[in-house]
Amino acid sequence: MMARIGPGRTLSFYLATTFFRWIVGFFLLGTAIIFLADVIELVRRASDRETFNAAEAVAASFFKTPSLSEEFMPFAVLFGAIAAFLALNRRLELAVMRAAGISAWQFILPGIVTVLLIGVFSTTVYNPLSAAARERSEELSARVLGNEARILTGSAQSVWFRQEGPNGGSIIHARAASSDGLTLFGVEAHLLDAENRFAGRVEAATASLEPGEWLLTDVTRYDVDGNSVHQDTTTVETALTAIEVREAVARPDSISFWRLPDAVSLAERAGLPTHRFALQFQVLLARPLLLAAMVLIAASVSLRLVRLGGVTRAVTGGIVAGFALYIASAVASDLGEAGAVAPVLAAWLPGIGAVLFGVSSLLHSEDG
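Rules behind the numbers
Residues numbered from 1 in each chain as written. Predicted model: local features only at pLDDT ≥ 70, side-chain atom pairs only at ≥ 80, totals over all residues. Heavy atoms only, no water. Core = buried A, V, L, I, M, F, W, Y, C linked by side-chain atoms within 4.5 Å. Buried < 20%, exposed > 50% of the residue type's maximum accessible area, 1.4 Å probe, protein only. Helix = DSSP H or I, 4+ residues; strand = E, 2+ residues; numbered from the N terminus. Contact = heavy atoms within 4.5 Å. 1 Å grid on protein atoms, 1.4 Å probe; cavity = no way out; pocket = protein on both sides within 12 Å on 5 of 7 lines; lining within 4 Å. Points joined across faces, edges and corners; volume = space filled by probe spheres on them. Nonpolar A, V, L, I, M, F, W, Y, C, P; charged D, E, K, R; others polar. Expected span 1.5 Å × (residues − 1). Bend = angle between axes of the 7 residues up to and from the residue. Patch = residues over 30% accessible without salt bridge, like charges linked within 9 Å, V, L, I, M, F, W, Y side chains within 5 Å. Areas by Shrake-Rupley, 256 points an atom, 1.4 Å probe, with all protein chains shown as cover. Salt bridge = Lys/Arg side-chain N within 4 Å of Asp/Glu carboxyl O. Phe/Tyr/Trp six-rings, centres within 6.5 Å; stacked < 30°, edge-to-face > 60°. Lys NZ or Arg CZ within 6 Å of the ring centre and 35° of its normal. Pairing = 2+ DSSP bridges.

**Overview of the nonpolar core**
Part 1 of the argument: In terms of nonpolar packing, the biggest core is built from 44 residues, with Phe 85, Phe 107, Ile 108 and Leu 303 touching the most fellow members.
Part 2 of the argument: When residues of this core are traced back to their parent elements, those giving at least two are α1 (8-46), α2 (54-90), α3 (93-99), α4 (104-145), α8 (275-307), α9 (311-337) and α10 (343-366).
Part 3 of the argument: At 13 residues, the largest contribution of residues to this core is made by α2.
Part 4 of the argument: If sequence neighbours within four positions are ignored, Phe 107 has contacts with Leu 15, Phe 19, Leu 94, Met 97, Arg 98, Ile 102 and Leu 303.

Put into structure tokens, the structure is as follows:
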């Protein structure tokens with residue numbers, strides 16, 4: 001009876017820890033660079049203010065960095081996997097494994113399993129923590145920058161939603177919203193009476209959610225005949241709670257993975273399009289597949305070329321392939337956000353395409 005040829009449990013664990021160390025190392029390095037860049041930018045914008053506090057600026061960037069580093073995670077996996085393959089080749093460990101009859105697919109598998117676990121952890125644990133930290137960051141940024149922070153961190157897209165109140169509903173339009181959705185800018189409210197008839201219009205510079213009402217500032221109120229009157233403040237009744245507004249109006253990337261399904265249903269209740277939240281949910285679900293695709297891409301550009309001494313070409317090829325996948329993912333996400341492509345397709349197709357590319361490239365280079 002022939003013994004099964006394979007890496008074995010000990011070797012598989014060694015390969016997995018090698019990939020893990022390199023990937024975490026690149027992720028921490030990228031996170032540190034992102035943190036320093038954000039601190040420098042925040043200090044540059046706020047250092048001339050009388051209320052500037054360096055400690056609060058650093059803390060604001062510290063809490064913001066986890067959400068920013070999520071975008072860097074696929075590149076950390078790509079660079080870490082390339083570095084792991086280079087290290088294994090430099091120590092001739094891959095050559096020894098090949099001589100022992102272990103195929104490329106067998107010593108790539110521990111790396112794929114590792115990044116799948118990293119992807120699951122990133123989606124289910126790291127993402128909720130980074131979303132909570134982002135909220136804290138925006139509170140500190142508001143202290144450092146004042147109202148400018150709300151505008152700069154707010155949504156670049158206009159907001160429409162309908163709400164009900166004790167004495168009638170209203171249709172709200174805002175040019176922008178803070179990332180938590182609780183502050184609106186450039187507000188226009190079309191008021192309705194109890195029988196859903198037009199009852200007037202209100203224009204305001206800002207609107208902040210209070211219990212049971214929106215508090216509007218710098219207001220111009222129009223009655224049904226078009227007569228206007230200016231007011232410093234006024235209120236518009238609402239039955240929406242802070243949680244409902246946050247999850248229906250806020251940016252999808254500011255909502256944690258576990259709350260996104262509720263955000264979809266709340267957006268439906270508020271009359272808002274749901275594809276942005278559905279897309280973000282599917283993107284997070286597809287993240288493990290995308291990370292696994294990065295390992296396959298790293299293997300496809302590293303294994304064959306490194307044996308020929310093409311280290312520079314390997315790194316360059318990996319970077320080009322990674323950025324190509326990033327661009328494809330960005331284009332698919334834009335199409336998904338616009339509603340032109342179903343969220344499931346927009347989220348999963350880039351990862352599936354990258355996996356197919358990596359597998360076909362490896363089949364060509366390793367198995368002829």
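**So, empty space enclosed by the protein**
Part 1 of the argument: Under the defined criterion, the tally for this structure stands at one cavity of 30 Å³ or more.
Part 2 of the argument: By volume, the largest cavity amounts to about 40 Å³.
Part 3 of the argument: Together, Ile 172, Leu 184, Val 187, Ala 189, Ala 207, Trp 214, Leu 216 and Val 236 line the largest cavity.
Part 4 of the argument: When contributions to the lining of the largest cavity are tallied by element, the ones reaching two or more residues are β3 (183-192) and β5 (213-222).
Part 5 of the argument: Counting residues per element, the lining of the largest cavity draws most heavily on β3, which supplies three residues.
Part 6 of the argument: In the lining of the largest cavity, the residues fall into eight nonpolar, no polar and no charged.

**So, the layout of surface pockets**
Part 1 of the argument: Each pocket or cavity is described by its volume, and for the largest pocket that value is around 1,100 Å³.
Part 2 of the argument: For the largest pocket, the lining is made up of 36 residues, of which Glu 71, Asp 253, Gln 280, Val 283 and Ser 333 are closest to its centre.
Part 3 of the argument: Looking at the lining of the largest pocket, the elements that each hand over two or more residues are α2, α4, α8, α9 and α10.
Part 4 of the argument: Looking at the lining of the largest pocket, the element that brings in the most residues is α8, giving 10 residues.
Part 5 of the argument: Among the residues making up the lining of the largest pocket, the classes are represented as 18 nonpolar, eight polar and 10 charged.

**Focus: α2**
Since one α-helical turn is 3.6 residues long, residues separated by three or four positions face the same way.
Part 1 of the argument: For α2, spanning 37 residues, the distance from its first C-alpha to its last is only 45 Å, which falls clearly below the expected 54 Å at 1.5 Å a residue.
Part 2 of the argument: Maximum bend of α2: about 50°, positioned at Glu 71, with proline Pro 74 one to four residues after it.
Part 3 of the argument: Burial analysis of α2 places 26 of its 37 residues in the buried class, the great majority of the element.
Part 4 of the argument: Positive phi appears at Leu 92, one or two residues downstream of α2, with a value of about 60°.

**A few points about a nonpolar patch on the surface**
Part 1 of the argument: Taken together, the side chains of Val 315, Ile 319, Phe 323, Tyr 326, Ile 327, Val 331 and Leu 335 make up a nonpolar region of the molecular surface, amounting to roughly 580 Å² of accessible area.
Part 2 of the argument: Structurally, the position occupied by Tyr 326 is in helix α9.

**A closer look at the packing of aromatic side chains**
Part 1 of the argument: All told, the structure shown has 11 aromatic pairs when counted by the stated rule.
Part 2 of the argument: For the pair Phe 75 and Phe 79, a centre-to-centre distance of 6.3 Å together with 40° between the ring planes defines the contact as tilted. Separated by four residues within a single helix, Phe 75 and Phe 79 lie in helix α2, roughly one turn from each other. We note that Phe 75, like Phe 79, is buried.
Part 3 of the argument: Put simply, the rings of Trp 22, Phe 26, Phe 75, Phe 79, Phe 323 and Tyr 326 touch in pairs and so form one group of aromatic residues.
Part 4 of the argument: Against the face of Tyr 222 rests Arg 201, its NZ or CZ located 4.3 Å from the ring centre.

**Re the pairing of β5**
Along any regular strand the residues' side chains alternate between the sheet's two faces.
Part 1 of the argument: Where strand β4 (residues 198-210) meets β5, nine bridges bridge the pair, whose relative direction is antiparallel. Following the sheet pairing, Ser 208 is matched in β5 by Leu 215.
Part 2 of the argument: Linking β4 to β5, which pair antiparallel, is a turn of two residues; within it Gly 212 sits at a positive phi near 80°.
Part 3 of the argument: In this sheet, strand β6 (residues 228-237) lies alongside β5 in antiparallel orientation, the contact comprising nine bridges. Note that in β6 the partner of Leu 215 across the bridge is Thr 235.
Part 4 of the argument: Counted along the chain from β5 to the antiparallel partner β6, the turn is five residues long, and its residue Gly 226 has a positive phi close to 90°.

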